[in-house]
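Each chain, letter by letter, is given below.
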Amino acid sequence: MTERQGHVQGLSEHELSEIRMLIEERTGICFDESRERFFSTRVLEQLRVKGMERGTDLLRAIRKSNIEYEALLERLLTQETSFFRYPAVYEAFEKRVLPELHAKKFWKNPRTLRIWSAGCSTGEEPYSIAITIADSLSFADAWNVDILATDVGRHALKQAERGVYSGRSIASVSEKQLSAHFAEVSGGYHVKPRLRKMVSFAQMNLASAVYVGRMDMIFCMNVLIYFSEERRRALVQRFFDTLEPGGYLFLGHSESISKMPVKFQAIVLNDCILYRKPTAEELQKPELVAEGRA
Ligand SMILES: C[S@@+](CC[C@H](N)C(=O)[O-])C[C@H]1O[C@@H](n2cnc3c(N)ncnc32)[C@H](O)[C@@H]1O
């Protein structure tokens, strides 16, 4: 039987739909029709792993126990990532954003850069940010660089904290970067302490509004695509409120916020769009806020 007929071996459509609603309510992750097969296959896998026969048993377990809920959630997360996943984003970060923030903060004491990698998966994104800063911010070591890397998935965060990478994940890291920022160990390349010190990892659910302090930049790439429109809007508004005036939001390639009623400047640079929070003075001049929207 297929799920279209309302049933997947041992799981009724009603049970699947209860599980789907519970996951969406708690995390914002929305399993629409296009991801229905992925969803039901993973739920079924969990049912088998737990040795359960009926969907009601799983449903009861995840409602009652946080451990059971998290075990199922881990199976449902899409955590694909790699170092420098979108080169154009890191180029824009290096060539446009860092020089601007450098000029803005040069005379500040202490010189601090706060960056949030929201939905960091196994850590490739925050470490790519750290590499870019280490390689291109002049006198990077004279800055307090604080990259907060958060994800709802505990397994991914454990890998991120370990910081050992190999294969496709590091395919876009240059030889020069590999030798400057990684030590070769059995099983791959280990990020060196200089990078590791810039990044702190924390488990955080983006569906709950946790205060993280003001940020100069937020990277939230390939996370919003899994959320409902309503959650996306709420999260983008939260990012706006969290950013310093003049701060930047980086989203994934297919994630556009152009129809949202939030006042970011959209800046088109080669192959990517950056979203900049205008300063109070710029907000008085609407022609500046429309930059890049042509
Ligand atoms: C496809 S990965 C993106 C990783 C990285 N940002 C990138 O673009 O390469 C999406 C990540 O978002 C995380 N995620 C999904 N829903 C979340 C939520 N409600 N709160 C926090 N993280 C979430 C997943 O665990 C996963 O690691």
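The rules behind the values
- Residues numbered from 1 in each chain as written.
- Predicted model: local features only at pLDDT ≥ 70, side-chain atom pairs only at ≥ 80, totals over all residues.
- Heavy atoms only, no water.
- Axes fitted to C-alpha atoms, helices over the stretch in contact; angles between N-to-C directions.
- Helix = DSSP H or I, 4+ residues; strand = E, 2+ residues; numbered from the N terminus.
- Parallel < 35°, antiparallel > 145°, perpendicular 65-115°, else oblique.
- Contact = heavy atoms within 4.5 Å.
- Nonpolar A, V, L, I, M, F, W, Y, C, P; charged D, E, K, R; others polar.
- Domains from an automatic or database assignment.
- Buried area = accessible area lost by both parts, 1.4 Å probe.
- Salt bridge = Lys/Arg side-chain N within 4 Å of Asp/Glu carboxyl O.
- Buried < 20%, exposed > 50% of the residue type's maximum accessible area, 1.4 Å probe, protein only.
- Polar contact = N/O pair within 3.5 Å; in protein donor to acceptor, adjacent residues only side chain to side chain.
- 1 Å grid on protein atoms, 1.4 Å probe; cavity = no way out; pocket = protein on both sides within 12 Å on 5 of 7 lines; lining within 4 Å.
- Points joined across faces, edges and corners; volume = space filled by probe spheres on them.
- Near = heavy atom within 4 Å.
- Sits in = over half its atoms within 2 Å of the grid points.

### With respect to the packing of helix α1 (residues 13–27) against helix α2 (residues 36–49)
For step 1, the next point in the chain: Running from N to C, α1 and α2 point in directions that differ by 100 degrees, and their axes come no closer than 11 Å. By the angle between their axes, α1 is roughly perpendicular relative to α2. Taken together, the residues of α2 that come into contact with α1 (itself represented by Leu16, Ile19 and Arg20) are Glu36, Phe39, Ser40 and Val43.
For step 2, the next point in the chain: Among the residues forming the contact of α1 with α2, the class breakdown is four nonpolar, one polar and two charged.

### Points about the domain arrangement of the protein
For step 1, the next point in the chain: Domain annotation for the protein reports domain 1 (3–76) and domain 2 (87–289).
For step 2, the next point in the chain: Computed over C-alpha atoms only, the centres of domain 1 and domain 2 are separated by 32 Å.
For step 3, the next point in the chain: Across the boundary between the two partners, domain 1 contributes eleven residues, which contact eleven residues of domain 2.
For step 4, the next point in the chain: Interface area, domain 1 with domain 2, both sides summed: about 880 Å², of which 47% is carbon and sulfur.
For step 5, the next point in the chain: Connecting domain 1 to domain 2 are one salt bridge.
For step 6, the next point in the chain: Its salt-bridge partner being Glu70, residue Arg154 comes within 2.7 Å of it at the nearest N-O pair.

### Section: the environment of Arg96
For step 1, the next point in the chain: Here Arg96 shows up in helix α5 (residues 87–105).
For step 2, the next point in the chain: We classify Arg96 as partly exposed; its relative accessible area is 25%.
For step 3, the next point in the chain: For the pair Arg96 and Leu274, spaced 178 residues apart in the sequence, the C-alpha separation amounts to 9.9 Å.
For step 4, the next point in the chain: For Arg96, the side chain forms a polar contact with the side chain of Tyr248, separated by 3.4 Å.

### Structural notes on the pattern of salt bridges
For step 1, the next point in the chain: Under the definition given, this model contains 19 salt bridges.
For step 2, the next point in the chain: Glu282 serves as the salt-bridge partner of Arg276, at 2.8 Å between the closest nitrogen and oxygen. An identical accessibility class is assigned to Arg276 and Glu282; each is buried.
For step 3, the next point in the chain: Several salt bridges share partner residues, and in doing so they unite Arg96, Glu100, Arg276 and Glu282 into one network.

### Comments concerning the side chain of Ser128
For step 1, the next point in the chain: Turning to its location among the elements, Ser128 is positioned in helix α6 (residues 124–136).
For step 2, the next point in the chain: Discounting chain neighbours no more than four positions away, the residues touching Ser128 are Phe83, Phe84 and Tyr90.

### Examining the layout of surface pockets
For step 1, the next point in the chain: Within this model, the largest pocket holds a volume of roughly 450 Å³.
For step 2, the next point in the chain: Lining the largest pocket are 28 residues, with Thr78, Gly119, Asp151, Asn222 and Val223 sitting closest to its centre.
For step 3, the next point in the chain: For the lining of the largest pocket, a count of residues per class yields 14 nonpolar, nine polar and five charged.
For step 4, the next point in the chain: Composition of the lining of the largest pocket by domain shows at least three residues from each of domain 1 (3–76) and domain 2 (87–289).
For step 5, the next point in the chain: In this structure, the second largest pocket spans a volume of roughly 170 Å³.
For step 6, the next point in the chain: Considering the residues around the second largest pocket, the lining is formed by Leu224, Ile225, Glu229, Arg232, Ser254, Glu255, Ser256, Ile257, Ser258, Lys259 and Met260.

### Looking at the site of the ligand
For step 1, the next point in the chain: Lining the immediate environment of the ligand, one finds 20 residues, of which Thr27, Thr81, Glu125, Asp151 and Asn222 sit closest.
For step 2, the next point in the chain: The contact in question runs from a nitrogen atom of the ligand to an N or O atom on the backbone of Gly119, over 2.8 Å.
For step 3, the next point in the chain: Counting atoms within 2 Å of the grid points, the majority share of the ligand lands in the largest pocket.
For step 4, the next point in the chain: In the shell around the ligand, the residues fall into eight nonpolar, eight polar and four charged.

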